Each structure stands twice: as C-alpha cells, then as structure tokens.
Amino acid sequence: MKIIAVGMNYAAHNKELHHSLELSEPTIFMKSDSSLLKEGKPFFIPDFSLEIHYETEIVVRIDRLGKNIAERFAHRYYQEITVGIDFTARDIQNRLRSQGLPWEISKAFDNSAAVGEFVSLEEVGDINQIPFHLMINDRKVQEGNTADMLFSVDRIIAYVSRFFTLKIGDLIYTGTPAGVGPVRINDHLKGFLGDRKVLDFKIK
Ligand code: ZN
C-alpha cells in the first residue's frame, strides 16, 4: 500500500506557515509504508528532530483499483474515512525547503502517519462537510472542516490517479487546517470526526 498526502490544502494553514502560493494544482507528497502508526500505538519522538509537529487530517481509504479517475466518478473509490496525524519534523522541513531541496525525510519517517479507526461515510455524512478536531491533554488544539479544503477529496483523487494507480488499501492524507504545533513526551492525542473519537494515542 502507499500513502499519498496533500500539502497546503487549507488557506488558513498556508498563511500560518507563510506560504503565499496561488495553487492551481494540489501539492502532493508520499509517506512510506513504514510510516504507518495504527491501533493506538504510541508515537516515540525521534532523535533527529527537535520540532515534531502534529498535523490533523482527514484520511481517505481507497477501496477500488483505479487509474485516471474522472472527478465525477471519484466518490466510487472510497467509502471510509478517519482522522490521522501527519507528523512532520518541522525543523528539518524548513531547512530543506529553504535550500530548495526535497523534504521527504521530514514527512515519511517511521511512524509519522498515525491513523485512526475508519468510519463509513454513511455514518458521517457528506465528504465535503465533515468537521474534525484534535485534543491534546483534553484541550482542543486544532479543528477543521473539509468544506474549507482548497482541493476537494474527489478532485485530489482525480489528480493523483493521473500519476499513480490507486489500489485497495491506499491512504490519502488530505491536508491540515490551521493550528499545527509541537508534540511533547507524555502528550495524549485524541482525534475526532464530528463528536466521534476515532484516534487515541500517546507521545513517548
Ligand atoms: Zn500534512
């Protein structure tokens, strides 16, 4: 399986990271299969970064094989979503980005893709109107709504499937809203789709 992620998909987050790009296409990067962190397992802060940020994102699970998918048919390729964390070594990302270099190591390192329990869209409703949020130590630190995405889930699927064949089990991290920040040892993270808790794990 592969993990495809979208950068800069919420205008307010782009502002917070001081990006002023006018994007005509989604910004895509990949995370590795060894980046997957599931079933509530703890996230261990790696020794190569002093600034690991959480990015709370809606994650879509592909459940049908597809290539060159038209946007109007993209909804047929997924039925389940959840909340995930796109952990980012922000110090490494900023250094590489300032040098104009690829920043894969800041995004695709082991266990950097935490993923919650998947819920069917029948239960959560319209993919384009889904509220989600992250609590750290019982304080709400980040919230968003898929209505605020610059590129919708269906548009992302149409775009990425021009380049990558989508396979059953592939995951798409759809970008983070404003409010990213650092995690620290002993933090307790809980991710919610609406009021429903789908993600619950600790930082070690
Ligand atoms: Zn992200």
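Up top is the structure these notes are about.
It should be emphasised that the depicted structure is a prediction, and the values quoted were computed from it without experimental measurement.

### Examining the coordination of the zinc ion
Around a metal, the idealised angle for a tetrahedral arrangement of four donor atoms is 109.5 degrees; for an octahedral arrangement of six donor atoms it is 90 or 180 degrees.
In step 1: Donor atoms from the polypeptide that coordinate the zinc ion comprise Glu55 (OE), Glu57 (OE) and Asp86 (OD), at 1.9 to 2.1 Å from the metal.
In step 2: For the zinc ion, the single-chain donor residues occur in sequence as E-x1-E-x28-D. Here the residue glutamate 55 occupies a position in the loop between β4 (52-54) and β5 (56-62), and aspartate 86 occupies one in strand β6 (residues 78-86), the gap between them amounting to 31 residues. Assigned by exposure class, glutamate 55 and aspartate 86 land together as buried.

### Here we look at the side chain of aspartate 154
In step 1: Within the element layout of this structure, aspartate 154 appears in helix α4 (residues 153-160).
In step 2: Despite its burial, aspartate 154 remains without a salt bridge, the nearest opposite charge being carried by arginine 76 at 9.9 Å.
In step 3: When near neighbours in sequence (up to four residues on either side) are disregarded, aspartate 154 contacts Glu71, Ala74, His75 and Tyr78.

### So, the pattern of salt bridges
In step 1: On inspection of all chains with the given rule, the structure shows 11 salt bridges.
In step 2: For glutamate 55, the salt bridge is made with arginine 90, and the minimal N-O distance between the two is 2.8 Å. Taken as a pair, glutamate 55 in the loop between β4 and β5 and arginine 90 in helix α2 (residues 90-98) lie far apart in primary sequence, 35 residues in all. With respect to burial, glutamate 55 and arginine 90 carry one shared label: buried.

### Quick word on the sheet that holds strand β10 (residues 131-136)
Adjacent strands of a sheet pair through backbone hydrogen bonds, lying either parallel or antiparallel.
In step 1: With respect to topology, 4 strands assemble into an open sheet ordered β11-β10-β14-β15, the strand pairing being antiparallel. The open sheet has two edge strands with one neighbour each: β11 (139-145) and β15 (196-202). Each strand axis lies, on average, 15° off the axis of its neighbour in the sheet, ignoring direction.
In step 2: The pairing of β10 with strand β14 (residues 188-193) spans 5 bridges and is classified as antiparallel. What sits directly across from methionine 135, in β14, is lysine 190.

### Let's talk about the sheet that holds β4
In step 1: Read across the open sheet, the 3 strands follow the order β7-β4-β13; overall the sheet is antiparallel. Among the strands making up the open sheet, the edge pair consists of β7 (88-89) and β13 (181-182).
In step 2: Bridge analysis of β4 against β13 gives 2 bridges, and the strand direction is antiparallel. Looking at the pairing, histidine 53 lines up with proline 182 of β13.

### Examining the packing of aromatic side chains
In step 1: Evaluation of the coordinates by the stated rule reveals 8 aromatic pairs.
In step 2: Arranged with centres 6.1 Å apart and planes meeting at 85°, the rings of phenylalanine 87 and phenylalanine 201 form a pair that is edge-to-face. Taken together, the positions of phenylalanine 87 in the loop between β6 and β7 and phenylalanine 201 in strand β15 put the pair 114 residues apart, joining distant regions of the chain.
In step 3: Aromatic pair tyrosine 159 and phenylalanine 163: ring centres 5.2 Å apart, planes at 65°, arrangement edge-to-face.
In step 4: Here tyrosine 159 falls in the buried class, since its relative accessible area comes to 14%.
In step 5: Members of the aromatic cluster, joined through ring pairs, are Phe43, Phe48, Phe87, Phe109 and Phe201.
In step 6: Sitting over the ring of tyrosine 77, arginine 64 keeps its end group 4.8 Å from the ring centre.

Calculation criteria
- Residues numbered from 1 in each chain as written.
- Predicted model: local features only at pLDDT ≥ 70, side-chain atom pairs only at ≥ 80, totals over all residues.
- Heavy atoms only, no water.
- Donors = N, O, S within 2.8 Å, 3.2 Å for Na, K, Ca; no water.
- Helix = DSSP H or I, 4+ residues; strand = E, 2+ residues; numbered from the N terminus.
- Buried < 20%, exposed > 50% of the residue type's maximum accessible area, 1.4 Å probe, protein only.
- Lys, Arg positive; Asp, Glu negative; His and termini not counted.
- Salt bridge = Lys/Arg side-chain N within 4 Å of Asp/Glu carboxyl O.
- Contact = heavy atoms within 4.5 Å.
- Pairing = 2+ DSSP bridges.
- Axes fitted to C-alpha atoms, helices over the stretch in contact; angles between N-to-C directions.
- Phe/Tyr/Trp six-rings, centres within 6.5 Å; stacked < 30°, edge-to-face > 60°.
- Lys NZ or Arg CZ within 6 Å of the ring centre and 35° of its normal.

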